[in-house]
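# Commentary on secondary and tertiary structure
Single-letter residue listing:
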Amino acid sequence: MNIMVIGGGGREHAIIKKIKENPKADKIYALPGNGGIAADAECVNIGAKDIDAIVEFAKANSIDFAVVAPDDPLVLGAVDALNEIGIKCFGPRKNAAIIEGSKVFSKNLMKKYGIPTAEYEVFTDMEAALKYLDTASIPVVVKADGLALGKGVIIAMTRDEAKDAVKSMMEDKVFGESGSQVVIEEFLTGPEVSVLSFTDGKTLVPMVSSMDHKRAKDNDEGLNTGGMGTIAPNPYYTDEVAAKCMEEIFIPTMNAMNAEGRTFAGCLYFGLMLTPKGPKVIEYNCRFGDPETQVVLPLLDTDLLDIMMSVAEGTLSQIQVRFKDECACCVVMASDGYPQKYDSGFEIKMPSDKNIYVAGAKLSEGKLLTAGGRVLGVTETAPTLKEAIAKSYETVKQVSFDNAYYRNDIGKRALEGIK
Ligand code: AMP
Ligand code: GLY
């Protein structure tokens, strides 16, 4: 089979390494991939948002199956365009990807179908939003409606900060049209859990739970990033919580999307907060999380390509999806300065026999050079979380590039949650 994976980060590298385990995967292309992915797939210089070029490439190269991994092409309708020329895909169609593409849509969906989430109001008028903030409880959370490279959420600790956030989104348009509507919502507290799931719209299978570490610095300080590391499984997500989430959140969401005529097939990601009043949805994503994928897929025991094809064909109920009874930790190594300004172009030295998922790197004259904020993720698995964390940090020591930065406390909060 000729397989095409759209995207070019650590998540895509993890997906490709796993797909490669299936002997049916004769040829794997990554569009655009990156210098590190080039060791596992043929990288093609076509951007993930260039749907016309993706379709042309698929036709010209007899692609049998496509995996659309990032949010942008999904929200833009890459799956619809590929389905139109007869190519089966893993990933939701445009009318279902809206579950991530519009926070107003997802909040209204949860309200309509009684799915637990933070209380909220939607505003299209800036003055009305500012007036609401005069009396809203503080802290309060301000979210841009559309995709904003993961930066469209502001946790405001004061009224002024909340008003500045609204003005920057609605007046200064720092996120472009994504900020023309804003959601202002109740601030929730509790441990966060990411649960990725496979669903074909009829069956939903949750994957092993995980925990992201979004802030740049140790002890959850510093700016929000795309994710500085992950662990799995998440010890706060007990069997009891899992059963409650399945019943009150996961299945109701799948059914709600069907009832809206927006059947979701692909990876549906639940960003949850375990509040004192029970689990609530913080966000939905229409795709695999990054860097959650880098800990979840190494624990997957069932063949990934088989699962993905069954999702695309609507036969997920026929597959037994199993995970190893082990733990995983991924430490992201970034360029110092990320998520703001950083230097790159430094040579990366790393072992070739480890689970290292490359995110921001390019090949130049046979050398792998840093070329992004998050450069790579180092994943190790072990029988216990403590061992997985220790092993990951050991392997981190075998990786080197100038200007490298990583958090030293990935998994610390999770270890505190082990009873
Ligand atoms: P997002 O960019 O949507 O992943 O949100 C970034 C982070 O903001 C989440 O991981 C949470 O830590 C936090 N967050 C979002 N919504 C809320 C909320 N209603 N209450 C508290 N924290 C929140
Ligand atoms: N790690 C969070 C996300 O992929 O959105």
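Residues numbered from 1 in each chain as written. Chains lettered and ligands numbered in written order. Predicted model: local features only at pLDDT ≥ 70, side-chain atom pairs only at ≥ 80, totals over all residues. Heavy atoms only, no water.

## Side note on the overall build of the protein chain
Worth spelling out the cut-off: Helix and strand labels come from DSSP, where a helix needs a run of H or I of at least four residues and a strand needs a run of E of at least two; each type is numbered from the N terminus. In this setup the radius of gyration rests on C-alpha atoms only. A globule is expected at 2.2 Å times the number of residues raised to 0.38. Whether a residue is buried, partly exposed or exposed follows from its accessible area with a 1.4 Å probe, protein chains only, as a fraction of its type maximum: under 20%, in between, or over 50%, in that order. Between two residues, a contact is recorded if the distance between any of their heavy atoms is within 4.5 Å.
On a plain count of helices and strands, the protein chain comes out with 13 helices and 23 strands. Relative to the globule expectation of 22 Å for 419 residues, the C-alpha radius of gyration of the protein chain, 21 Å, shows essentially globular dimensions. For the protein chain, the spread of C-alpha atoms along the principal axes amounts to about 60 × 45 × 45 Å. The proportion of buried residues among the 419 residues of the protein chain is 54%. Long-range contacts, defined as pairs at least 24 residues apart, comprise 67% of the intrachain contacts of the protein chain with a sequence gap of at least 6.

## What to know about the site of ligand 1
The line we're drawing: We call a residue near a given molecule or strand whenever any one of its heavy atoms falls within 4 Å of it. Any pair of nitrogen or oxygen atoms within 3.5 Å is treated as a polar contact; in protein, a donor-acceptor pairing is required on top of that, and neighbouring residues in sequence qualify only through side-chain atoms on both sides. Note on residue categories: nonpolar means Ala, Val, Leu, Ile, Met, Phe, Trp, Tyr, Cys or Pro, charged means Asp, Glu, Lys or Arg, and polar means any other residue, Gly included.
What surrounds ligand 1 is a group of 15 residues, the closest being Glu185, Glu186, Leu188, Glu192 and Glu283. One of the backbone nitrogen or oxygen atoms of Glu186 is found 2.9 Å away from a nitrogen atom of ligand 1. Here an oxygen atom of ligand 1 sits 3.0 Å away from a polar atom, N or O, in the side chain of Lys214. Elements with a contribution of two residues or more to the shell around ligand 1: strand S7 (140-144), strand S8 (153-156), strand S9 (182-186) and strand S17 (278-285). Taken together, the residues of the shell around ligand 1 break down into eight nonpolar, one polar and six charged.

## Quick look at the environment of Lys24
Topologically, Lys24 is positioned in the loop between helix H1 (10-19) and strand S2 (27-32). Judged by relative accessible area, Lys24 falls into the partly exposed class, the value being 38%. With 126 residues separating them in the primary sequence, Lys24 and Gly150 have C-alpha atoms 35 Å apart. Look past the residues within four positions of Lys24 in its chain and what remains in contact with it is Met1, Asp306 and Met309.

## Re a negative patch on the surface
In plain terms, the rule: Patch members must show over 30% relative accessible area and no salt bridge, and they are joined within 9 Å when carrying like charges or within 5 Å when they are nonpolar side chains of Val, Leu, Ile, Met, Phe, Trp or Tyr. All accessible-area figures derive from a Shrake-Rupley calculation using a 1.4 Å probe, and residue coverage is judged against the displayed protein chains alone. Salt bridge, as used here, is a side-chain nitrogen of Lys or Arg placed within 4 Å of a carboxyl oxygen of Asp or Glu. Only four residue types enter the charge count, namely Lys and Arg as positive and Asp and Glu as negative; His and the chain termini do not. The atom standing in for a charge is NZ when the residue is Lys, CZ when it is Arg, CG when it is Asp and CD when it is Glu.
A cluster of acidic side chains, namely Asp125, Glu127, Glu171 and Asp172, defines a negative patch on the protein surface. On the secondary structure map, Asp172 appears in the loop between helix H8 (159-170) and S9. Overall, the relative accessible area of 52% leaves Asp172 in the exposed class.

## A few points about the packing of helix H6 (residues 103-113) against helix H9 (residues 239-259)
Where we set the bar: Every angle, taken between N-to-C directions, lies between 0 and 180 degrees, and every axis is a line fitted to C-alpha atoms, over only the stretch in contact when it is a helix. An angle counts as roughly parallel when it lies under 35 degrees, as roughly antiparallel when it exceeds 145, as roughly perpendicular when it falls between 65 and 115, and as oblique in every other case.
Viewed as axis vectors pointing N to C, H6 and H9 meet at an angle of 105°, and their least axial separation amounts to 10 Å. One finds that H6 runs roughly perpendicular with respect to H9. Where H6 approaches H9, its residues Phe105, Leu109 and Tyr113 are matched on the opposing element by Ala256, Met257 and Ala259.

## Topic: the site of ligand 2
Surveying the vicinity of ligand 2 reveals the residues Asp212, Gly226, Tyr269, Asn285, Arg287, Gly289, Asp290, Pro291 and Glu292. Within the side chain of Asn285, an N or O atom sits 3.1 Å from an oxygen atom of ligand 2. Between ligand 2 and Glu292, the relevant distance is 2.8 Å, taken from a nitrogen atom to a side-chain nitrogen or oxygen of the residue. In isolation ligand 2 has 200 Å² of accessible area, and contact with the protein removes 89% of it. Taken together, the residues of the shell around ligand 2 sort by class into two nonpolar, three polar and four charged.

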